[in-house]
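# Chain and residue survey
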Amino acid sequence: MAMIEDGQNKSGDGDIPPPFVLKSATTPNAFVFAAPHSGRHYPIGITRATNLETHNLRMSEDAYVDRLFAAAPEFGANLLIATHARAYLDLNRAENELDPDMFHPPLEEDELDITHRVKAGLGIIPKLIAEGMPIYDGTLPAREALFRINNVYRPYHEKLADLLETRRRQFGRAVLIDCHSMPSENPAGRRRGRSTGPDIVLGDNWGASCDRALTSLAEELLIRAGFSVRRNVPYSGGFSTQNYGNPNSGYHALQIELSRGLYMNETTLQPLQSFPEVEKKLSWFVNHLIDAYGKHLGLHQDDELPRAAE
């Protein structure tokens, strides 16, 4: 049975939900699964400042990914789930990835990291949704950036960092599986609600963020579960993978991007009939990844790996 913890609301405003929900296993292991982009809460800080419909804003969500990996605590892993929408604040960015011109007065540029993501409108407070539509008609108060970071971003990452540090102290290593979804590669496939391109992209920052044997094991198990898999292209890993992955210090971070066309209609955002089957396959994968990596300490032994789900 999993234990559930809500993140503390540091603002004191009862209308704001906790920044995260943590589902912990009663007997934990070294694994932490995270779903930073599955949040479905849209605070007034965004709804009052945009003319977009909620359905448009939801195009940026990694919808239902938290449900697809919901079984992780049954197998001893912690599951950290963000509550706030990605369009409101992107937890897979650095804290200072901000566009100074989005705010009034403009933010001090020398304190910011204006990355290619920020320039593309996809910083920690996004300017655009995934479909390229502007979220805001005008600028936001500068205090809004600080409010979102203090009340959503920092509590989430403080909890994630604490979980990983605790796992590493207890088990000698900590393994972060950062769970995301991606659009199907072919726009026509998206209109049909069918997946094109790989089913899953594994991102390990080109081997820098985790034990390569962990990536190989994950890839092999996913293939055996019936998925097509690609590594690092076009998603080699975002902020969380790069920030928390430090194999030489015992921290391993692997990003999983799951094609949305496998389990949901990418236009209506409704789950497909295939959803339970995809959920079942991922539960099998999580179970065997944790078991195999724990037993073999990352050593890839093909003849000892579990067979695929029936």
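Right above here is the structure, for reference.
Here's what I pulled together on the structure shown here. (Residues numbered from 1 in each chain as written. Predicted model: local features only at pLDDT ≥ 70, side-chain atom pairs only at ≥ 80, totals over all residues. Heavy atoms only, no water.)

### Considerations on the pairing of strand 7 (residues 174-182)
Short version of the rule: Think of it in three bands: with a 1.4 Å probe and only protein chains considered, a residue is buried below 20% of the maximum accessible area for its type, exposed above 50%, and partly exposed in between. Segments assigned H or I by DSSP are reported as helices when at least four residues long, segments assigned E as strands when at least two residues long, and all are numbered from the N terminus. The rule for pairing is simple: two strands pair if DSSP sees at least two bridges between them.
Among the 9 residues in strand 7, 9 count as buried, and that is most of the element. With burial as the criterion, each face of strand 7 is covered, one bearing Ala174, Leu176, Asp178, His180 and Met182 and the other bearing Val175, Ile177, Cys179 and Ser181. Here 4 bridges tie strand 3 (residues 31-35) to strand 7, and the two strands are oriented parallel to one another. Bridge assignment links valine 32 to a residue of strand 7, and that residue is leucine 176. Pairing of strand 7 with strand 10 (residues 251-259) involves 9 bridges; the strand directions are parallel.

### Details of unusual backbone geometry
A cis geometry characterises the amide bond from histidine 104 onward to proline 105, with omega recorded as -10 degrees. If you trace the backbone, proline 105 turns up in the loop between strand 5 (103-104) and helix 4 (116-119). In the segment running from valine 233 into proline 234, the intervening peptide bond is cis, with an omega of 5 degrees. If you trace the backbone, proline 234 turns up in the loop between strand 9 (229-231) and helix 8 (239-244). Although it is not a glycine, tryptophan 206 sits at a positive phi angle of roughly 55 degrees. Inspection of the secondary structure assignment puts tryptophan 206 in the loop between strand 8 (200-203) and helix 7 (212-224). Residue tryptophan 206 is classed as exposed on the basis of its relative accessible area of 54%. Phi is positive for leucine 269, which is not a glycine, with a value near 65 degrees. Residue placement: leucine 269 occurs in the loop between strand 10 and helix 9 (275-296). Under the relative-accessibility criterion, leucine 269 is labelled buried at 4%.

### Brief notes about a negative patch on the surface
Rule in force here: Nonpolar side chains (Val, Leu, Ile, Met, Phe, Trp, Tyr) within 5 Å and like charges within 9 Å form the patches, drawn only from residues with over 30% relative accessible area and no salt bridge. Only the protein chains shown count as cover for residues, and the accessible areas themselves come from Shrake-Rupley with a 1.4 Å probe. For salt bridges, the criterion is a side-chain nitrogen of Lys or Arg within 4 Å of an Asp or Glu carboxyl oxygen. In this charge count, Lys and Arg are treated as positive and Asp and Glu as negative; neither His nor the chain ends contribute. By convention, the charge on Lys lies at NZ, on Arg at CZ, on Asp at CG and on Glu at CD.
A grouping of Asp101, Glu108, Glu109, Asp110 and Glu111 is seen on the molecular surface, where their side chains present a negatively charged patch. Note that glutamate 111 resides in the loop between strand 5 and helix 4. Overall, the relative accessible area of 58% leaves glutamate 111 in the exposed class.

Just distances and angles here, no functional claims.
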